[in-house]
Amino acid sequence: MAKKSLIQREKKRQKLEQKYHWIRRSSKNEISKVASLSDKREIHGKLQSPPRNSASTRLRRRCFLTGRPRANYRDFGLSGHILREMVHACLLPGATRSSW
């Protein structure tokens with residue numbers, strides 16, 4: 001189980017990312033449309049003004065049940081360890097165990 005403080009920090013980042021999403025997207029679209037280098041620098045300065053944690057690259061996918069930050073499967077939202085346990089317990093429909 002991940003520390004509660006880390007999970008809360010990640011939730012805070014998600015809220016910030018949603019808040020500044022359109023500002024960042026519109027600034028990036030403006031940069032691609034503008035031809036002059038000086039205008040691009042001005043727009044790039046605007047792009048750097050929102051908080052760093054509002055960038056989507058700062059987000060980390062976490063396991064839905066345990067909060068584990070590594071080995072996550074996007075389709076299920078679970079870490080590999082929990083996914084394997086749930087498949088062996090037949091809790092995920094359509095997922096089969098692999099044995100060789």
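Residues numbered from 1 in each chain as written. Predicted model: local features only at pLDDT ≥ 70, side-chain atom pairs only at ≥ 80, totals over all residues. Heavy atoms only, no water.

Caption draft 1: A look at the environment of Arg52. Among the secondary structure elements, Arg52 is positioned in the loop between helix H2 (37–48) and strand S1 (72–73). Remark: the alpha-carbon pair of Arg52 and Ala95, spanning 43 residues in sequence, is separated by 39 Å. (Helix = DSSP H or I, 4+ residues; strand = E, 2+ residues; numbered from the N terminus.)

Caption draft 2: Broad picture of the domain arrangement of the chain. Per the domain assignment, the segments of the chain are domain 1 (1–60) and domain 2 (61–99). Each of domain 1 and domain 2 has a C-alpha centre, and the two are 30 Å apart. Of the residues lining the interface, seven residues belong to domain 1; the matching set on domain 2 comes to seven residues. Taking both sides of the interface into account, the surface hidden between domain 1 and domain 2 amounts to around 560 Å²; carbon and sulfur atoms contribute 51%. Summed over the three residues of domain 1 that lose the most area to domain 2, namely Met1, Ala2 and Arg60, the buried surface amounts to 74% of that side. For the interface between domain 1 and domain 2, the tally reads zero salt bridges. Partitioned by chemical class, the residues of the side of domain 1 that touches domain 2 number five nonpolar, no polar and two charged. (Domains from an automatic or database assignment. Contact = heavy atoms within 4.5 Å. Buried area = accessible area lost by both parts, 1.4 Å probe. Salt bridge = Lys/Arg side-chain N within 4 Å of Asp/Glu carboxyl O. Nonpolar A, V, L, I, M, F, W, Y, C, P; charged D, E, K, R; others polar.)

Caption draft 3: Local environment of the pattern of salt bridges. Overall, the coordinates contain one salt bridge when judged by the stated rule. Note that Glu10 and Arg13 form a salt bridge whose closest N and O atoms lie 3.8 Å from each other. Here Glu10 and its partner Arg13 are both found in helix H1 (residues 4–33), three residues apart, which amounts to about one turn of the helix.

Caption draft 4: Up close: the side chain of Glu17. Relative to the elements of secondary structure, Glu17 occurs in helix H1. One buried charge, Glu17, has no salt-bridge partner; the nearest side chain with opposite charge is Arg24, at 7.0 Å. For Glu17, the residues in contact, after removing those within four places along its chain, are Ser54, Ala55, Ser56 and Leu59. (Buried < 20%, exposed > 50% of the residue type's maximum accessible area, 1.4 Å probe, protein only. Lys, Arg positive; Asp, Glu negative; His and termini not counted.)

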